[in-house]
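# Reading the structure
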Amino acid sequence: MGSGRWSTDVYTAADNYRRATGASAFAYSDSGARKAHPALDPKGVTERESRDSDEHPFSTPIAVLFDVTGSMGGVPRVLQTKLPQLLGLLTRKGYATDPHILFGAVGDATCDRVPLQIGQFESDNRMDEDLARIVLEGGGGGQMTESYELAMYFMARHTALDSFEKRGRRGYLFLIGDEMPYPKVNPREVEKFLGERTQPISTEELVVELQRTFDVYYLLPTAAGHGGNRDVLRRWRGLLGQNVLELDDLDAVCETIALTVGLGEGTIDLDAGLDDLVESGSAFSATVGKALAPLQRGGVVRRGTLPIGNAASGNERL
Amino acid sequence: MNDHVAVVDLGYGDAGKGTVVDALCAYSAKRAVLRFNGGAQAAHNVVTEDGRQHTFAQFGSGTLRGVPTHLTRYVVVDPLALAAEAAALGNPFELLTVDGDALLATPWHRAANQRRERARGGDRHGSCGMGVGETMAYAASHPGAPRVSDTLSRTRLRRRLAAVESDLGPAGVPLDDVVDAFRAFGRTVAIVGPTYGERLLREGPCVFEGAQGVLLDEWRGWHPHTTWSTTTFGNVSELCGSFTRIGVVRTYTTRHGAGPFVTEDATLDLPEGHNATGEWQGAFRVGHFDAVAHRYAVEVAGGVDGLAVTHLDVPERCPALRICESYTIDGRPWTRIVPGPPRDLGYQEALTARLHQARPGPLTRPDDWAAAIENLLSAPVEIESYGPGSADKKLLNRIP
């Protein structure tokens, strides 16, 4: 044994941590990684679980998967800097009880090396680690299709949600991108990237299956390559109906997701949510209001506490 | 799942756990390496095929292969030493998770440890001077001892560190500077909850990497020349229901620092690559293969499923090297060190006194060292190591 080979003074240590933290937010990708980080590799994964615990007895699973191919330009990097705030936004105003957040990335299985990366459902800052490990492929073909269907296949068949199993409440899945899914799940790609055999399944059928356990939303940032593309919007609206949202300002991504969840949980209505944003000093209420207009459902509005009581959520963002 | 492997050293440490863990990681994909005892005083050398060498202390020995490390609640975490080790490795913090419940070693623990060893004068225990034992001792009597999750809150961290400083005395560094450094640690490493380890174990085969050796175990070693750490499979059994137990031995016995060492022979020509005389530990001592002590280690560890024998290339280069199968004490043979009752330090202390009187019995030199050791320790040799790199290992295909 015998150690102490390295300097262990306080200042060197503090300095090193600072430098390590100041490294690129996509440190893993920027270090030249060309395969999925082991923590995010979906191959052979039985399921990603969102489980209740003593600390978080009423978990609300929220998955955010974004397109990391070339057409998205700098969008993934912006998302990466914004998304860590999501948990705080959700918990501060009680939009969702005990949120569990999973981050992942979607690419193109026909030509990418890393077409699917899926983190874990986390209720603390570990999800940020997953963000940092995402490989930005940056490739992608010019055919305006990405393998969203492969991602949706994983989410439909390889997640286990206590919220659904115990309480019949669906989780939330946000896909952020600017292209269309392929028309069907390709068994060869499933075998290659998930390591299992399956039958071909149309994207339409898959979405129906996925919507059993998740409310699925598609967020299209207008800053992205195909932002606002009519064909892309039409295709997704055909699959998800009104749950397709156009987002003018990417900086508002967290607010948009948080309010969407709040609306889905019935903890706020849109106006109250936008008021919350103004009150908290967010500059994005107009952007978010515009993006969420399609979700203005009217009708039942429950403002205030959820029926499960007033116990403090176990989430604390330190 | 029964494909987890636990690696412990059946001697006084330095048998080659690091190189064995690295070889296991090279042999088949591992989800993570879990550390289950000790702290920054560990020093596990790994040399990869492409020539990278690192002495692992808190990062697991699979790091150079990209295998994540999880520091379980049994590890004493030293944020200052960790920063230095991380920097030496290129800051692979994405490969590290730390249980929030693990204890923190602080500069005050370290200073107290060094003062205590200095006060022992010529009667040193062989501590590494890193404050690991001091941290364990402090926690045993202070329920509010600082833990890893405390670094997430400045207020709580400062309160707890201030208490340590006031209890143990100054360490020549301002409290707030330590708070800053520890907070930076808390922001940089992924601090996880108590169920994270179980999740890793569900997700894929893991390796448990022990530190120190069974003969240094806090309850089973030669008291007081022991480490404040459970070096047997005890902690692993707490963390994991089922695993393969691998005991590591060298073809010769080594000891770093003070304490009984019956088969010590300073005339053996055994140059040591990575272990030098440490300021706090004292000299690196070498001797003949001590089958008596190793059999005792296997017994108190609760048995092993297989052995990893390292330095099999050495006997050829050192013709004087022998195996000691029994001791002699007062002219009579002593063939088995009988384990005492659990947690009986009086018994261990008496053993220490007796071992100081013991001399090696007849020494033998086998033709086939691996076979001889297999026979003496009554467990199959699963890994043979003929050099520092993983390419120098022979895995005999019976382990996961």
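Rules and cut-offs
- Residues numbered from 1 in each chain as written.
- Chains lettered and ligands numbered in written order.
- Predicted model: local features only at pLDDT ≥ 70, side-chain atom pairs only at ≥ 80, totals over all residues.
- Heavy atoms only, no water.
- UniProt positions renumbered as here; feature names shortened; annotations may be inferred.
- Helix = DSSP H or I, 4+ residues; strand = E, 2+ residues; numbered from the N terminus.
- Buried < 20%, exposed > 50% of the residue type's maximum accessible area, 1.4 Å probe, protein only.
- Contact = heavy atoms within 4.5 Å.
- Areas by Shrake-Rupley, 256 points an atom, 1.4 Å probe, with all protein chains shown as cover.
- Phe/Tyr/Trp six-rings, centres within 6.5 Å; stacked < 30°, edge-to-face > 60°.
- Lys NZ or Arg CZ within 6 Å of the ring centre and 35° of its normal.
- Pairing = 2+ DSSP bridges.
- Axes fitted to C-alpha atoms, helices over the stretch in contact; angles between N-to-C directions.
- Salt bridge = Lys/Arg side-chain N within 4 Å of Asp/Glu carboxyl O.

Chain B goes by Adenylosuccinate synthetase in an unreviewed UniProt entry, where it is assigned to Paractinoplanes abujensis. Taken verbatim from the UniProt record of chain B, the Subcellular location (unreviewed entry) comment is "Cytoplasm". Its UniProt record gives chain B a comment under Subunit (unreviewed entry), which states: "Homodimer."

In the annotation of an unreviewed UniProt entry, chain A is listed under the name VWFA domain-containing protein and assigned to Paractinoplanes abujensis.

Let us now look at the overall build of chain A. A count of helices and strands for chain A gives 13 helices and 12 strands. Within chain A, buried positions represent 56% of all 318 residues. A fraction of 80% describes how many contacts in chain A between residues 6 or more apart in sequence connect residues 24 or more apart. Of the roughly 12,700 Å² of accessible surface on chain A, a fraction of 48% belongs to carbon and sulfur atoms.

Bringing unusual backbone geometry into the picture now. Glycine aside, negative phi is the norm for most residues, and most peptide bonds take the trans geometry. In this structure, the amide linkage connecting B:His223 to the following residue, B:Pro224, adopts the cis form with an omega of 5°. Tracing the backbone shows B:Pro224 in the loop between strand 10 (206-209) and helix 8 (234-239). Residues other than glycine seldom take positive phi values, yet A:Asp98 does so here, at roughly 45°. Backbone geometry places B:Ser378, a non-glycine residue, at a positive phi of 50°. Structurally, the position occupied by B:Ser378 is in the loop between helix 12 (369-377) and strand 21 (381-385).

Turning our attention to the packing of aromatic side chains. Tallying each qualifying case throughout the model produces 13 aromatic pairs over all chains. Each ring, one from B:Tyr12 and one from B:Phe261, has its centre 5.9 Å from the other, and the planes form 50°; the classification is tilted. Remark: B:Phe261 occurs in the loop between strand 12 (253-256) and strand 13 (284-287) and B:Tyr12 occurs in the loop between strand 1 (5-9) and helix 1 (17-27); sequence separation between them is 249 residues. Look at B:Tyr12 and you get buried, because its relative accessible area is 2%. For B:Phe261, a relative accessible area of 8% translates into the label buried. Ring geometry for B:Tyr327 and B:Trp334: centres 5.7 Å apart, planes at 75°, overall edge-to-face. Overall, the relative accessible area of 1% leaves B:Tyr327 in the buried class. Classification of B:Trp334 by relative accessible area gives buried; the value is 6%. Aromatic rings pair up to connect A:Tyr17, B:Phe59, B:Phe93 and B:Phe185 into one cluster. Looking at B:Arg354, its charged tip hangs above the ring of B:Trp334, at a distance of 4.1 Å from the centre.

Moving on, we come to the sheet that holds strand 19 (residues 359-360) of chain B. Neighbouring strands of a sheet are bound in pairs by backbone hydrogen bonds; such pairs are parallel or else antiparallel. Residue and element names in this part refer to chain B. Sheet architecture is open: 3 strands sit in the order 18-17-19, paired in antiparallel fashion. Edge positions in the sheet fall to strand 18 (332-334) and strand 19, since each has one partner strand and no second. Pairing of strand 17 (residues 327-329) with strand 19 involves 2 bridges; the strand directions are antiparallel. Counterpart to Tyr327 in the pairing with strand 19 is Pro360. Sheet strands touched by helix 11 (residues 345-357): strand 17, strand 18 and strand 19. Its angle to strand 17, the strand with the most contacts, is close to 95°.

Turning our eyes to something else, we now look at the pattern of salt bridges. Using the criterion set out here, one finds 32 salt bridges over all chains in the structure. For B:Glu203, the salt bridge identified is with B:Arg31, shortest N-O distance 2.7 Å. Here B:Glu203 is found in helix 7 (residues 196-203), whereas its partner B:Arg31 is found in the loop between helix 1 and strand 2 (32-35), with 172 residues between them in sequence. Look at B:Arg31 and you get buried, because its relative accessible area is 14%. Members of the salt-bridge network, linked through shared partners, are A:Glu47, A:Glu49, A:Arg51, A:Asp52, A:Asp162, A:Glu165, A:Lys166, A:Arg167 and B:Arg202.

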